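Given next are the chains, with one letter for each unit.
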Amino acid sequence: MKTYHLKTEQKIDKPQDELFSFFSDAHNLAKITPPWLHFNVLTPPPIDMQVGTLIDYRLKIRGIPIRWQSEITAWDPPHSFVDEQRRGPYRRWIHKHSFVPNPDGTLVKDEVEYAVYGGWLIQKLFVAPDIAKIFAYRSEKLRELLAVPSKAD
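Since this is a predicted model, take the numbers as computed values, not measurements. (Residues numbered from 1 in each chain as written. Predicted model: local features only at pLDDT ≥ 70, side-chain atom pairs only at ≥ 80, totals over all residues. Heavy atoms only, no water.)

## A few points about helix H1 (residues 16-23)
Then step 1. Taken residue by residue, H1 has Gln 16, Leu 19, Phe 20, Phe 22 and Phe 23 as its buried positions. What you see down the axis of H1 is that its buried residues fit within an arc of 160°, all on one side.
Then step 2. On its buried face, H1 is in contact with strand E1 (4-12), strand E4 (64-76), strand E5 (80-87), strand E6 (92-102), strand E7 (105-115) and helix H2 (120-145). (Buried < 20%, exposed > 50% of the residue type's maximum accessible area, 1.4 Å probe, protein only. Helix = DSSP H or I, 4+ residues; strand = E, 2+ residues; numbered from the N terminus. Arc of directions from axis to C-beta. Contact = heavy atoms within 4.5 Å.)

## Remarks on the nonpolar core
Then step 1. In this structure, Phe 23, Ile 55, Tyr 90, Trp 93, Tyr 114 and Ile 131 are the most contacted members of the largest nonpolar core, which totals 32 residues.
Then step 2. Contributions of two or more residues to this core are made by E1, H1, strand E3 (54-61), E4, E6, E7 and H2.
Then step 3. What Tyr 114 contacts, discounting residues up to four positions off in sequence, is Lys 2, Thr 3, Tyr 4, His 5, Tyr 90, Arg 92, Trp 93, Gln 123, Val 127, Ala 128 and Ile 131. (Core = buried A, V, L, I, M, F, W, Y, C linked by side-chain atoms within 4.5 Å.)

## Focus: the sheet that holds E4
Then step 1. On the basis of which strands lie adjacent, the open sheet formed by seven strands has the order E1-E7-E6-E5-E4-E3-E2 and antiparallel pairing. Every interior strand has two partners, whereas the edge strands, E1 and strand E2 (40-41), have only one.
Then step 2. Here five bridges tie E5 to E6, and the two strands are oriented antiparallel to one another. Bridge pairing in E6 links Asp 83 to His 95.
Then step 3. Contacting E1, E6 and E7, H2 crosses the sheet at an angle of about 10° to E1. (Pairing = 2+ DSSP bridges. Axes fitted to C-alpha atoms, helices over the stretch in contact; angles between N-to-C directions.)

See the structure below:
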């Protein structure tokens, strides 16, 4: 099975524990997912995040309704966690979220290893461009949602 990798990082002017808390709330995922995916978390809150937690979602990919289930397979607050697809549109999806403190806030890193159905042509024409758009949207939305308010003069 051919796997592909996506790595992104974004510096956010917030403390590590605050960002870990935001990302580890599965219901916040809907806030940073593009509206064209019609993404919904089906698992009711509160979700007790720990190794073994299963989370169910519903979304549409190119108009096709999809059910997705992920499992938390690593949990190391406030440094990192990993979710893996158990049911969904990919042959494989392993997503590591890392939060690295630095002098100007926190570096938020995403590392995704994935495999697709349909081979390299489907990857090149559809999956890679879609994933790039999703993570670009996510980056912009995070800037908007987590922006530090400016101080009044």
